[in-house]
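# Remarks on the overall topology
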Amino acid sequence: MNRLPIKIANELPAHHALESENIFVMTEDRAMKQDIRPLYILILNLMPTKIETETQILRLLSNSPLQVEIELLQVKSHKSKNTSQEHMLKFYKTFDEICHKKYDGLIVTGAPVELLDFEQVDYWDELCEIFEWSKKNVYSTFHICWGAQAALYYHYGVPKYPLEEKLFGVFPHKCLDTYHPLMRGVDDVFYVPHSRHTENRRSDIALVKDLQILSYSDYAGVHLVSDMDCRQFFATGHSEYDRETLAREYFRDINKGLDIKVPFNYFPGDDPSMMPKMSWKGTANLLFTNWLNYFVYQKTPYDLSTL
């Protein structure tokens, strides 16, 4: 199986996981011998489960013939409690270490801080600095879940609202613009996992002339949003989640004694003892491959210094 040569550090835990799935991970020696410029993708990982999220996103960046070189970014104003400092120091850069560079693409993950006001988040000022820097130093940015809410608020003043109960499960969605390149190949009805306590409202986004809603769910609301230049994308769901992610969240909350419903449309027969069905893998691969191809590879300048 010939897939995307992702260039990452040999010691990164995701390296072994991806190779075991027959995903081509390129060594530095081999990358140097290829007479092409790789795409430089920066991943700002705000999730507490850093290693799990790294693997999930790198897996989705694996489904094209493009060569991609990955750098991992952390916020220095927040100390990760769930990932060892050794891992963070070894594999992650801070903003002051990369702010002089330019990137073809940036991915900003979600974060478990959505019930806080944006300004209450301990790294909000640093995140705003990264958002502002990305306007001139990144060609296209893909924001996920809380990362999408934060960017919509920072760039466009779009607020978020608390939900009456957690939106939790795998929900059907429909495409609102079948001709948009990000949506090419996506089924008429497609599925996306969601796990959040807040939402962005369609009515607020509709007031922003520079924004277009690309997909929507009658259950989960707004899903994909793009700016008109296709330099900024916002996804309220978690297409990157693997088969067991929602199950881990569900059992974690059950073990904490929290009142949480079984994830919608996830366990067969809503039976948590059954293996979850994965109904979103094809769409997830399409979205990230389309983003990489149409909005990073085909549009970014060959010489990034001219960005």
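Presented here is an overview of the structure given in this document. Within each chain, residue numbers correspond to sequence positions counted from 1 in written order. Local features in this predicted model are restricted to residues whose pLDDT is 70 or higher, and side-chain atom pairs enter the listing and the counts only when it is 80 or higher, whereas totals over whole chains, interfaces and linings include all residues. The basis for every side-chain value is the complete set of heavy atoms in the structure, and neither hydrogens nor water enter the calculation.

## Quick look at the pattern of salt bridges
Side chains that carry opposite charge are capable of pairing whenever their charged atoms lie near each other. Throughout this description, the term salt bridge denotes a Lys or Arg side-chain nitrogen within 4 Å of a carboxyl oxygen of Asp or Glu. Following the criterion strictly, the structure yields 12 salt bridges and no others. Note that Asp253 and Lys166 form a salt bridge whose closest N and O atoms lie 3.9 Å from each other. Highlighted residues: Asp253 in helix H9 (residues 245–255) and Lys166 in strand E8 (residues 161–175), separated in sequence by 87 residues. On the basis of relative accessibility, which here comes to 7%, the residue Asp253 falls in the buried class. With a shortest N-O distance of 3.4 Å, Glu199 and Arg201 are connected by a salt bridge. Each of Lys166, Glu249, Arg252 and Asp253 takes part in one network of salt bridges that share partners. Put simply, DSSP H or I for four residues or longer makes a helix, DSSP E for two residues or longer makes a strand, and each gets a number counted from the N terminus. Each residue's exposure class comes from its accessible area (1.4 Å probe, protein chains only) as a fraction of the maximum for that residue type: buried when under 20%, exposed when over 50%, partly exposed otherwise.

## Things to note about the side chain of Ser217
Along the chain, Ser217 falls in strand E10 (residues 211–217). Polar contact is defined as a pair of N or O atoms within 3.5 Å, subject to the rule that within protein one atom must be able to donate a hydrogen and the other to accept it, and that residues adjacent in sequence are counted only when both atoms are side-chain atoms. Looking at Ser217, its side chain comes within polar contact range of the main-chain nitrogen of Tyr219, at 3.1 Å. The residues contacting Ser217, other than those within four sequence positions of it, are Phe171, Pro172 and His173. We call two residues in contact whenever any of their non-hydrogen atoms come within 4.5 Å of each other.

## A few points about the pairing of strand E12 (residues 232–235)
Here E12 shows a buried face lined by Gln232 and Phe234 and a second buried face lined by Phe233 and Ala235. Where strand E7 (residues 138–144) meets E12, 4 bridges bridge the pair, whose relative direction is parallel. Within the sheet, the bridge partner assigned to His143 lies in E12 and is Phe234. Where strand E11 (residues 221–227) lies against E12, 3 bridges are found, and the strand directions are antiparallel. Counted as the bridge partner of Leu224 is Ala235 from E12. At least two bridges found by DSSP between two strands is the condition for calling them paired. In textbook terms, the turn of a hairpin is the stretch between consecutive antiparallel strands, and for E11 and E12 this stretch comprises 4 residues, one of which, Cys230, has a positive phi near 60°.

## Side note on helix H10 (residues 281–297)
Helix length check: H10 (17 residues) gives 22 Å between terminal C-alpha atoms against 24 Å at 1.5 Å per residue, within 8%. Taken together, the buried positions of H10 are Thr283, Ala284, Asn285, Leu287, Phe288, Thr289, Asn290, Trp291, Leu292, Phe295 and Val296. The length a helix should cover is 1.5 Å for every residue beyond the first.

## Details of the packing of aromatic side chains
When the centres of two rings from Phe, Tyr and Trp lie within 6.5 Å, Trp using its six-membered ring, the rings pair. Their planes under 30 degrees apart give stacked, over 60 give edge-to-face, and anything left gives tilted. Tallying each qualifying case throughout the model produces 21 aromatic pairs. Considering the side-chain rings of Phe142 and Trp291, the 5.8 Å spacing of their centres and the 65° angle between planes classify their relative orientation as edge-to-face. Within this pair, whereas Phe142 is found in strand E7, its partner Trp291 is found in helix H10, the two being separated by 149 residues in sequence. What makes Phe142 buried here is its relative accessible area of 2%. Exposure remark for Trp291: the relative accessible area of 0% places this residue in the buried category. Pairing Phe233 with Phe295 gives two aromatic rings, centres 4.9 Å apart and planes at 50°, and the pair type is tilted. Of the two residues, Phe233 sits in strand E12 while Phe295 sits in helix H10, which places them 62 residues apart along the sequence. Aromatic rings pair up to connect Phe118, Tyr123, Trp124, Trp146 and Tyr153 into one cluster. Across from the ring centre of Tyr294, 4.6 Å away, lies the NZ or CZ of Arg184, which sits over that ring. Two conditions define a charge located above a ring, namely a distance within 6 Å from the ring centre to NZ of Lys or CZ of Arg, and an angle within 35 degrees of the ring normal.

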